[in-house]
Protein chains: 2
Amino acid sequence: MITVVLLGAGNVAQHLYTAFRNQELTKVVQCYNRKGIPIHKNQKKDTVTSDLSNLKEADLYILAISDDAIEEVSRALPFQNRLVVHTSGSVPMDAINDKNFRGVFYPLQTFSATKEVNFTNIPFCIEAESEKDETILKSLASQLSKKIYDINSDQRNVLHVAAVFVNNFTNHMFSLGNDICKENEVPFEILHPLIQETAKKIIEIEPDNAQTGPAIRNDIKTIDRHIDILKNESQKNIYKILTKAIQSKYGKEL
Amino acid sequence: MITVVLLGAGNVAQHLYTAFRNQELTKVVQCYNRKGIPIHKNQKKDTVTSDLSNLKEADLYILAISDDAIEEVSRALPFQNRLVVHTSGSVPMDAINDKNFRGVFYPLQTFSATKEVNFTNIPFCIEAESEKDETILKSLASQLSKKIYDINSDQRNVLHVAAVFVNNFTNHMFSLGNDICKENEVPFEILHPLIQETAKKIIEIEPDNAQTGPAIRNDIKTIDRHIDILKNESQKNIYKILTKAIQSKYGKEL
Ligand SMILES: NC(=O)c1ccc[n+]([C@@H]2O[C@H](COP(=O)([O-])OP(=O)(O)OC[C@H]3O[C@@H](n4cnc5c(N)ncnc54)[C@H](OP(=O)(O)O)[C@@H]3O)[C@@H](O)[C@H]2O)c1
Ligand SMILES: NC(=O)c1ccc[n+]([C@@H]2O[C@H](COP(=O)([O-])OP(=O)(O)OC[C@H]3O[C@@H](n4cnc5c(N)ncnc54)[C@H](OP(=O)(O)O)[C@@H]3O)[C@@H](O)[C@H]2O)c1
């Protein structure tokens, strides 16, 4: 049985709390947040505190709080030599005050308040200062997910940048596609199956082998026609830059 | 019963042939391709021709051939006043010679030779010169798919540009994410679930509402750190341009 104190009341804290409730081998003995409010509708009020000096003893303290607050809150903890982890993709492990044993318990997924989360396939990136602590964190993660990775702070940074490309920038491509459809009164939903297929392909083949389209085919007639169809300067510009990037990546010239 | 002659031996012709084989209401009475070869392992040899002057009579002739060949092959057809369609996303309907009734039967998906195709969710974009022909094409499409759209040649062009954004450019984002991981010896597969989630979200919420990340949050500290981590100039450049595009789209300034 691993006992946990969970700090924070945001998206990650709420989803972790809900997930741990169903686990027999983990017990969230207490929650902390500034307002002292339950973070789950069935949580008993006496398991929540808004006072750091009231924190109970536990095997593990999870700081599921804003990146910027990790340093300050970890400094304010009224104990030492216990295991304290954060859940951030971009904050280094040593942002946690070194009076405690430090670690990272980062679930690599985007969470939002409304959407239910199934942790089974969400990768957990684990980091710790000792093997013993790493074992605790892995055993905890393995109760929620099948996918557990040893990732140090530098690697986590790299993952975070790569995630900006595959998540944030990809979503921007969807957003531009949506705009182009709207501006021309074509339903964007026609493209939904293509979007799902584009994402599914990545699991089976390397993205370099999945690249198709006028850029890699060097189909200049189509490229020119497309640039002509786009009326918005920013869309035109991104079309040109990414076409050029694809062509130079695969050895073609505009 | 709709009778069909299928012209071409490429990805689209093969997948359409395989799909029509299982339909009771459609019969592919003949295939044409330049080499006169069967396009399915169970196709009888006498249903294939390499000679346009041998083409049988049918309700519908589908030109599943390269975009550039549509004009020429449609001109070479030795009959008139029959229904002739192409399967292209970017060629206008009137590229088909006007001695016949013209139409478009465009399945909006990427096909490759090796991967099996389930047409059920693939959108078919239909265009025709008369309502009667449109009805034939829709009835044919509805045997394969639940998703059928009336799309004229201008709209099809727009869809094609939008598809470049959501498919080709998105895949390039995956490719850059993969490179960044490889260069830093982090397994790209950690990002697979995030990629699936990014695509799935689009079905439930508008891409503009799904936009997250340092750009839209205007998190300059993280943006600067990311640009620092990227070693490759082209990656840096795309990171900056797309960050700026997201910021100006949502009213933030770099
Ligand atoms: N959301 C995601 O998709 C996601 C995914 C993976 C990892 N993460 C990481 O998980 C952590 C939490 O993210 P989140 O999305 O759950 O954030 P969130 O929904 O914005 O919630 C942030 C929480 O931090 C608390 N907080 C902020 N400053 C504090 C302070 N000085 N003292 C005490 N509590 C403070 C807030 O308390 P109040 O309620 O009192 O304001 C709130 O409960 C972050 O490190 C984030 O990078 C997020
Ligand atoms: N692949 C996709 O993802 C996809 C998706 C939707 C729509 N489409 C459209 O579907 C059509 C076919 O695409 P595809 O991917 O199946 O192409 P493909 O695999 O490259 O096959 C092209 C076929 O066209 C034939 N062809 C080329 N020039 C010809 C000519 N002058 N006379 C007779 N036959 C000729 C080729 O014959 P040989 O075998 O003799 O060379 C080949 O069988 C195109 O309009 C394309 O835009 C493709």
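Since the structure is predicted, the reported quantities are computational estimates derived from the model, not experimental observations.

Participant: Sorry if this is basic, but what is going on with the environment of Leu52(A) here?
Facilitator: Residue and element names in this part refer to chain A. With respect to the element layout, Leu52 can be found in the loop between strand E3 (48–49) and strand E4 (60–63). C-alpha of Leu52 to C-alpha of Val166: the two residues are 114 residues apart in sequence and 38 Å apart in space. Once residues lying within four places of it in the same chain are set aside, the contact partners of Leu52 are Leu7, Tyr32, Ala76, Leu77 and Pro78.

Participant: What should I look at first to understand the packing of helix H4 (residues 153–183) of chain A against helix H9 (residues 233–249) of chain B in this one?
Facilitator: Two elements in contact, H4(A) and H9(B), have axes separated by 11 Å at closest approach and are oriented at 50°. The pairing of H4(A) with H9(B) is recorded here as oblique in orientation. When you trace H4(A) past H9(B), the crossing you get is left-handed. Taken together, the residues of H9(B) that come into contact with H4(A) (itself represented by Val161(A), Val164(A), Phe165(A), Asn168(A), Phe169(A), His172(A), Met173(A), Ser175(A) and Asp179(A)) are Gln235(B), Ile238(B), Tyr239(B), Leu242(B), Thr243(B), Ala245(B), Ile246(B) and Lys249(B). For the contact of H4(A) with H9(B), the residue count by class is 10 nonpolar, five polar and two charged.

Participant: So what exactly am I meant to see when it comes to the interface of chain B and chain A here?
Facilitator: A common measure of how large an interface is: the accessible area buried when the components associate. Taken together, the contacts link 84 residues of chain B with 84 residues of chain A. Carbon and sulfur atoms supply 67% of the area buried between chain B and chain A, which totals about 7900 Å² over both sides. Considering only the surface of chain B that becomes buried against chain A, Phe165(B), Val166(B) and Ile190(B) emerge as the three largest contributors, covering 9% of it. On inspection of chain B and its partner chain A, the count reaches four salt bridges. A salt bridge links Asp179(A) to Lys249(B); the nearest nitrogen and oxygen atoms lie 2.5 Å apart. Inspection of the chain B/chain A interface yields 32 residue pairs in polar contact (both at pLDDT 80 or more). Mapped onto the side of chain B that touches chain A, the elements with two or more residues apiece are helix H4 (153–183), helix H5 (192–204), helix H6 (207–210), helix H8 (220–229) and H9 of chain B. Ranked by the residues each element gives to the side of chain B that touches chain A, the list is headed by H4(B), at 27 residues. Class assignment for the residues of the side of chain B that touches chain A results in 42 nonpolar, 26 polar and 16 charged.

Participant: What am I meant to see in the sheet that holds strand E7 (residues 124–128) of chain B here?
Facilitator: To summarise the sheet geometry, strands pair through backbone hydrogen bonds and adopt either a parallel or an antiparallel arrangement. All names here are of chain B. Within the open sheet, the eight strands sit side by side as E3-E2-E1-E4-E5-E6-E7-E8. Their pairing is mixed. Of all the strands in the sheet, just strand E3 (48–49) and strand E8 (148–150) have a single pairing partner and so form its edges. Note that E7 and E8 share three bridges and pair parallel. Its bridge partner lying in E8, Ile126 is registered against Asp150. The sheet strands contacting helix H1 (residues 11–21) are strand E1 (2–7), strand E2 (26–32), strand E4 (60–63), strand E6 (101–107) and E7, and the helix crosses E2 at an angle near 145°. Running over the sheet, H4 touches strand E5 (83–86), E6, E7 and E8 and is turned about 155° from E7.

Participant: How should the relation of the copies chain B and chain A be read in this particular structure?
Facilitator: Put simply, the two copies of the chain differ by a rotation about an axis and a shift along that axis. Aligned on chain A, chain B shows an RMSD of 0.0 Å; the corresponding rotation is 180° and the shift along the axis is 0.0 Å. Such a turn and shift between the copies fits a two-fold axis. For chain B, the residue whose C-alpha comes nearest the rotation axis is Thr170(B), separated from it by 2.6 Å.

Participant: Explanation requested: H5(B) in the structure shown.
Facilitator: Because an α-helix packs 3.6 residues into every turn, residues spaced three or four apart end up facing the same way. Of all 13 residues in H5(B), 10 are buried; the element is thus mostly enclosed. Taken together, the buried positions of H5(B) are occupied by His192(B), Pro193(B), Leu194(B), Ile195(B), Gln196(B), Glu197(B), Thr198(B), Ala199(B), Lys201(B) and Ile202(B). For H5(B), the secondary structure elements touched by its buried residues are H4 and helix H5 (192–204) of chain A together with H4 and H6 of chain B.

Participant: What should I look at first to understand the state of the cysteines in this one?
Facilitator: Each disulfide consists of one covalent bond between the sulfur atoms belonging to two cysteines. In this structure the tally under the stated criterion is zero disulfides over all chains. Considering cysteine sulfurs only, Cys181(A) is the nearest to Cys125(B), which forms no disulfide, with 10 Å between them. What makes Cys125(B) buried here is its relative accessible area of 1%.

Participant: In this structure, what is going on with the sheet that holds strand E2 (residues 26–32) of chain A? I would like to understand it.
Facilitator: Residue and element names in this part refer to chain A. What the eight strands build is an open sheet, ordered E3-E2-E1-E4-E5-E6-E7-E8; its pairing is mixed. Unpaired on one side and paired on the other, E3 and strand E8 (148–150) mark the two borders of the sheet. Alignment of strand E1 (residues 2–7) against E2, held across six bridges, turns out to be parallel. When the sheet's bridge partners are listed, Val4 is paired in E2 with Val28. Docked against the sheet, helix H3 (residues 131–144) engages E1, E2, E4, strand E5 (83–86), strand E6 (101–107), strand E7 (124–128) and E8, running at close to 165° with respect to E7.

Participant: Please clarify how the site of ligand 1 should be interpreted in this entry.
Facilitator: Residues and elements named next belong to chain A. If you check the shell around ligand 1, you find 22 residues, and the closest are Ala9, Val12, Asp67, Thr87 and Phe111. Ala9 places a main-chain nitrogen or oxygen 2.8 Å from an oxygen atom of ligand 1. Contacts to ligand 1 include Arg34, whose side-chain N or O atom sits 2.9 Å from an oxygen atom. Contact with the protein chains covers 76% of the free accessible surface of ligand 1, which is 900 Å². Counting residues per element, the ones that place at least two in the shell around ligand 1 are helix H1 (11–21), helix H2 (70–76) and E6.

Reading guide: rules and limits
Residues numbered from 1 in each chain as written. Chains lettered and ligands numbered in written order. Predicted model: local features only at pLDDT ≥ 70, side-chain atom pairs only at ≥ 80, totals over all residues. Heavy atoms only, no water. Helix = DSSP H or I, 4+ residues; strand = E, 2+ residues; numbered from the N terminus. Contact = heavy atoms within 4.5 Å. Axes fitted to C-alpha atoms, helices over the stretch in contact; angles between N-to-C directions. Parallel < 35°, antiparallel > 145°, perpendicular 65-115°, else oblique. Left-handed = near helix turned anticlockwise from the far one by under 90°. Nonpolar A, V, L, I, M, F, W, Y, C, P; charged D, E, K, R; others polar. Buried area = accessible area lost by both parts, 1.4 Å probe. Salt bridge = Lys/Arg side-chain N within 4 Å of Asp/Glu carboxyl O. Polar contact = N/O pair within 3.5 Å; in protein donor to acceptor, adjacent residues only side chain to side chain. Pairing = 2+ DSSP bridges. Least-squares fit on C-alpha atoms with pLDDT ≥ 70 in both. Buried < 20%, exposed > 50% of the residue type's maximum accessible area, 1.4 Å probe, protein only. Disulfide = S-S within 2.5 Å. Near = heavy atom within 4 Å. Areas by Shrake-Rupley, 256 points an atom, 1.4 Å probe, with all protein chains shown as cover.

By themselves, these observations are geometric and do not establish any function.
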